[in-house]
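# Results of the structural survey
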Amino acid sequence: MAEFIRDLKRTNSCGELTAKDVGKEVVLFGWVHNRRDHGGAVFIDLRDRAGLTQVVFEADAGKEIHDLSQELRYEYCIGVRGKVVSRGGNVNPRLVTGEIEVHAAQLSIFNRSETPPFLIEDKIDTAEEKRLKYRYLDLRRAPLQQTLMKRSQMNALTRSTLNRLGFVELETPYMVKHTPGGARNFLVPSRLNPGKFYALAESPQLFKQLFMVAGFDRYFQIVKCFRDEDLRLDRQPEFTQIDVEMSFVTQDDVFTAVEELVTTLWQEVLGVSIPKPFPRMPFEQSMRQYGNDKPDLRFGMKHVDLTEILRRLDGGGVAMWKGVQGIVKAVKVPASANFSRTETDKLEEIAKGMGAKGLARAKVSENGEWTQSPMAKSITPEARAAINAACEAQPGDVLLFQFGKESMVHTVLANLRLFLGKKLGLIPEYGTRENNWKFLWVIDPPLFEYNEEEKHWVAAHHAFTRPHDESIQYLETDPGKVLCYRYDLVLNGFEIGGGSIRLHDPNVQQRVFKAMGIPEKEAEEKFGFLLQALRFGAPPHGGIALGMDRLAFLLTGAESLRDVIPFPKTQKGTDLMTDAPGDADPRQLRELHIASTYKPPE
RNA sequence: GGGGUGUUAGUUAAGCUGGUUAUAACGCCGGCCUGUCACGCCGGAGGCCACGGGUUCGAGUCCCGUACACCCCGCCA
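Rules used in this analysis
- Residues numbered from 1 in each chain as written.
- Chains lettered and ligands numbered in written order.
- Predicted model: local features only at pLDDT ≥ 70, side-chain atom pairs only at ≥ 80, totals over all residues.
- Heavy atoms only, no water.
- Helix = DSSP H or I, 4+ residues; strand = E, 2+ residues; numbered from the N terminus.
- Expected span 1.5 Å × (residues − 1).
- Buried < 20%, exposed > 50% of the residue type's maximum accessible area, 1.4 Å probe, protein only.
- Near = heavy atom within 4 Å.
- Polar contact = N/O pair within 3.5 Å; in protein donor to acceptor, adjacent residues only side chain to side chain.
- Nonpolar A, V, L, I, M, F, W, Y, C, P; charged D, E, K, R; others polar.
- Salt bridge = Lys/Arg side-chain N within 4 Å of Asp/Glu carboxyl O.
- Domains from an automatic or database assignment.
- Contact = heavy atoms within 4.5 Å.
- Buried area = accessible area lost by both parts, 1.4 Å probe.
- Bend = angle between axes of the 7 residues up to and from the residue.

## Looking at helix H6 (residues 251–270)
Since one α-helical turn is 3.6 residues long, residues separated by three or four positions face the same way. In a regular helix each residue adds 1.5 Å, so 20 residues correspond to 28 Å; H6 covers 28 Å between its end C-alpha atoms and thus fits that length. Of all 20 residues that make up H6, 14 are buried, and the element is covered over most of its length. Gly271, located one to two residues past H6, shows a positive phi value of around 75°.

Encoded structure:
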């Protein structure tokens, strides 16, 4: 008899046979997804990455094969030769291959399987810890396979689209010199240069600018980046960017290219057409109305800034609002929410978790008066009317207030807004309805932000961003007023990309360093090669980096970034499958001239 | 660095104000079954209740600490 793999080649996947294939003899390879043993007939759902096909082993196929089929268990890897037969009236409408089944004439068990720690099912509620430990089994599950296959498609489309637009794919080093500022680098010791270290590149930022100096004009790369920062649902220590840089362009030219790429991805992978151009919002408006620079525009509930009103009315009779340092803002919970006491207490708990001291609230009654509020008695009618009007409050609405340091107020209310949006069901379920995809460019942020601890202005993003021409005059007199050509692409509350038009004018560059209190000499030490390169006829240029993992995460509706990365890290940056990071061999450390000063706690 | 949630068979969970032998479902093992597709029926095995202290006559349950996982703040130009 012919042997599998050597003589009998796979003829079909497990996801493609239908009624039109009835009568064919086929060879299928795959894993036992399920078995239903009826004694005289054994039914097997055979699985590969394309789908499931039912295979039947009947008693009259021969004792040997029938006996062997009764040994089959979950996740055995097998090969089957048999005939495609119509299921007649027993069609399974939930399977693509549900019209047919394969009546096995030959069976080979390639490999038996230990009892798997969890069943390979589409819907799984096993702890993620277990799934990560047995990642290769988790990756057998159809949803993860489909997600990763979509990601593969995204990679291919990115290359074809950017090639079509005239971009050149070029590579940059991962092992680079540490650059100051920005994310923490992972360090790599150099054996050949004792005491010296490489850094793993947090991004190809400086190198891609050098491609522009070199004249490549349009560069892109799908590239891994490394950042030694704390993890989040949407942050991994190693992640992938679609990195883009263009010469002789304005901000609008960059937007046009990115919109072409992103809409192509959504069109080809999801069949969703996203209107172009994407809307734009000034950074200032985003902070004012949403409290962060990545607003989720799928629902309203904008913040209302009451700072000016209360300054004019001297606190409006409320002691804690009188002469307040910072800002005062409110969010309105509509009357329809009809929150219980427990639910509003929960809101306060969330606010406190974000650094708030408390969460003052007021319920608006029919005549506009406030109830269930510590301010109800002290607030002046004039201030109350002004606040009600600013919030467009209707009877039954509940106003939530937050005051104090701007960053804290924004963090608290931005997170409350998101919580309320979810709680009130204002965010549509993942699907392909087009109104689910709220792309947005956040533009014109300030070039500098003031560092309270170090008492000087620092680059809000990086020191090579081009200021608006009409802003340059404030570089010396009022640095906080300088806006720049920096932009973030936001989708449904996630930052999926960011970039800028670069500063290629050495004179303005000098003034920027000066505003940040960086002496020329220090700038040369830190960024010497780039500054030097810019002096050799560097073209005006700009670019962007898109987070490929986040794009895939949002496009596929995954629950976490970990679901779009084959082998992700846990929140502490460990790999539960390989147990990385691990101890280093003492001999290896000696070669590197490295000793650890770490002492485990007693 | 900080806040929150969780940790009980292989897996997912229940286990109340502390009290005999810690339950269930799925999975696993054995048996029966020729039309199942969440197959069914009969029987069986399986536990350092995360770890370490403490309170108590008695702790899965109460207290303290630690570890791990997840979510968030800080951090991420």
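## Some thoughts on the protein's contact with RNA strand B
Near RNA strand B, the surroundings consist of 51 residues, among which Asn34, Asp37, Arg94, Lys130 and His461 are the closest. Within the side chain of Arg235, an N or O atom sits 2.8 Å from a base nitrogen of RNA strand B. Elements represented by at least two residues in the surface near RNA strand B include exactly strand E1 (25–37), strand E2 (41–48), strand E3 (51–58), strand E5 (100–111), helix H2 (128–133) and helix H11 (406–423). Partitioning the surface near RNA strand B into residue classes produces 13 nonpolar, 20 polar and 18 charged.

## Quick notes on the pattern of salt bridges
Summed over all chains, the structure comprises 40 salt bridges. Asp549 is the partner of Arg151 in a salt bridge, and the nearest nitrogen-oxygen pair spans 3.0 Å. Of the two residues, Arg151 sits in helix H4 (residues 142–164) while Asp549 sits in helix H14 (residues 548–556), which places them 398 residues apart along the sequence. Of the two residues, Arg151 and Asp549, both sit in the buried class. One salt bridge connects Arg184 with Glu229, and the closest N-O pair in it is separated by 2.9 Å. Placement of Arg184 in the loop between strand E7 (175–176) and strand E8 (187–189) and of Glu229 in the loop between strand E10 (218–226) and strand E11 (238–247) is noted, with a sequence separation of 45 residues between them. Linked through salt bridges whose partners overlap, the residues forming this network are Arg131, Arg135, Asp138, Arg141 and Asp563.

## Notes on the domain arrangement of chain A
Here chain A is described as being made up of domain 1 (19–111), domain 2 (128–277 + 539–596), domain 3 (299–423) and domain 4 (445–484 + 505–538). Each of domain 2 and domain 4 has a C-alpha centre, and the two are 27 Å apart. If you look at the interface, domain 2 gives nine residues, while domain 4 gives 10 residues. When the two sides are added together, the surface that domain 2 and domain 4 hide from each other amounts to roughly 900 Å², 76% of it contributed by carbon and sulfur.

## With respect to helix H13 (residues 520–534)
When the terminal C-alpha atoms of H13 are compared, their 15 Å separation across 15 residues is substantially less than the 21 Å that a helix rising 1.5 Å per residue should span. In H13, a bend of some 100° at Phe527 exceeds every other bend along the element. Among the residues making up H13, those that are buried are Ala523, Phe527, Gly528, Leu530, Leu531, Ala533 and Leu534. Residues of H13 that are buried in the fold lie against helix H5 (205–214), helix H12 (506–515) and strand E23 (541–547).

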